[in-house]
Amino acid sequence: MTDLNAVLAAADSDFDNSLERLFTLVRIPSISTDPAYNDDCDKAARAVVDDLNALGFKAQARKTPGRPMVVAHYTPKDAADDVPHLLFYGHYDVQPADPLELWKTPPFEPTLKKDADGVERIYGRGTGDDKGQFMTFVEAARAWIKTSGSLPIKATFLIEGEEESGSPSLVPFLKAHVDELSCDAAFVCDTSMWDAKTPAITTRLRGLVHEEVTITGPRIDLHSGMYGGPAMNPIRVLSKVIAALHDKTGKVTIPGFYDGVADLPKSTKKQWQSLKFSEAKFLKEVGLKEPAGERGKSVLEQIWARPTAEVNGIWGGYQGVGTKTVIPSKAHAKFTFRLVGKQNPQKVLKAFQKFVKGLVPKDCKVEFSGRGGGSPATEIPEDNPFIAKSAKALKDEFRRDAVLMGSGGSIPICRSFKDILGMDSVLVGFGLNDDAIHSPNEKYNLSSFQRGIRSWVRIMDELGK
Ligand code: BES
Ligand code: MN
Ligand code: MN
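This text gives an overview of the structure that appears in the document.

Side note on the packing of aromatic side chains
Evaluated as defined, the whole model comprises 23 aromatic pairs. Taken together, a centroid distance of 5.2 Å and an interplanar angle of 90° make the contact between Phe-257 and Tyr-258 edge-to-face. When sorted by exposure, Phe-257 lands in the same class as Tyr-258, which is buried. Taking the centre distance of 5.3 Å and the plane angle of 55° together, the rings of Phe-277 and Phe-282 count as tilted. When its relative accessible area of 23% is taken as the criterion, Phe-277 is described as partly exposed. For Phe-282, a relative accessible area of 24% puts it in the partly exposed group.

Looking at the pattern of salt bridges
Applying the stated criterion across every chain, the model contains 28 salt bridges. One salt bridge in this structure joins Glu-180 and Arg-62, with 2.8 Å as the shortest N-O distance. Highlighted residues: Glu-180 in helix α6 (residues 178-181) and Arg-62 in strand β1 (residues 58-62), separated in sequence by 118 residues. For Glu-180, a relative accessible area of 25% gives the class partly exposed. Since its relative accessible area comes to 16%, Arg-62 is described here as buried. With a closest N to O distance of 3.1 Å, Lys-465 and Glu-462 form a salt bridge. The structure contains a network of salt bridges with shared partners spanning Asp-14, Arg-21, Asp-51, Glu-139, Arg-142 and Lys-146.

About the cut-offs
Residues numbered from 1 in each chain as written. Chains lettered and ligands numbered in written order. Predicted model: local features only at pLDDT ≥ 70, side-chain atom pairs only at ≥ 80, totals over all residues. Heavy atoms only, no water. Phe/Tyr/Trp six-rings, centres within 6.5 Å; stacked < 30°, edge-to-face > 60°. Buried < 20%, exposed > 50% of the residue type's maximum accessible area, 1.4 Å probe, protein only. Salt bridge = Lys/Arg side-chain N within 4 Å of Asp/Glu carboxyl O. Helix = DSSP H or I, 4+ residues; strand = E, 2+ residues; numbered from the N terminus.

Read these as spatial facts, not as claims about activity.
Here it is in structure tokens:
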């Protein structure tokens, strides 16, 4: 039997090298949504594969119609027949770094900085989402193998490269490799802690569906003096659509939108109240003062248990320097809907399209060009034995109980793990609310990285018992 403390000590003593390996990965701009970075995605996949092979995994970068999928298997030496087989999921792709001018250090030059508050943070695109997070698995595996010559469990690592662009290749890939990828459970490192001192296991994720709307008015851009008045302006129409999406209590007005949304059970409401979440502090950190979601629902409920309709971008008309007297031909906007409970992504899309069509006058045309798809919300049963084992390991590391929490974000793969491979997901992550993921100056706390690695060392130990 290898002493757990020896593995933890090995992880700590190699930590500077762990950091260097994370830096190497962050330097590769593996932006999956932009084809200009396809080679970088290949490069990042290759780097992960080489690293895992060097550790004794059988790792490959597998071809898909999109970015490569890293699949790596590890069978422990002299493994008992009943040793559990677990899947570890993360993503090596990252969001675009724009707007570049707002970064204080270059996004793809990872920088370790001790900030004015004395906290050390690793800055760079992908540090918090998800390279720093999934490298905690890799480094924990390294510490185990280095110390004991093996892992205490059978492991499959699945590190995808399209998470930030909707994982289009993942579902077909899972379907084509059911036998290879079905494990006893999936562990996902892509979520947050409760706060910097308190670990968490996320058991609810919202679903997500996208749409893009283009309204066309006149055939061409028009002189706003020659045509202003009689000509319908498509930006005016689109603005009306956007303004009509919510009523004054913050509720979404699309008919049928709330089908499948249940009220929160009293017991859950109580449990969340006991978390003593400071709404004011949460909003203040991002420069806000008052919750804008459904009136009468707490902020945690608004994020964890209620759906939303958001406009993510809007453009059209003249945006250059100076003025231009024009009535544009077209106006565009991108929308997303976060889903909860049993809301059906396709039904929500249809309801939205109908709602928009009802607001478009005769002289305008509307086109929908979202890429479809979408994923429903996920709820993971809290009595799952793997959750109990993880909670124990996290408590041993942090000396505090792990909070069972929800998340407003979406990790669509968790639903597919359940529906296609029949496994539940255990979501343990070490991100923090102020990590600025998807934003300029994304970071991962040095302590998140180090204690994340130590936590997985412990979780692997618990799983192997
Ligand atoms: N890691 C995030 C999801 C997340 C963020 C979970 C914060 C918990 C806390 C993931 O990479 C992500 O950004 N997902 C996207 C969905 C995807 C389909 C683009 C999201 O939630 O917008
Ligand atoms: Mn992520
Ligand atoms: Mn993300």
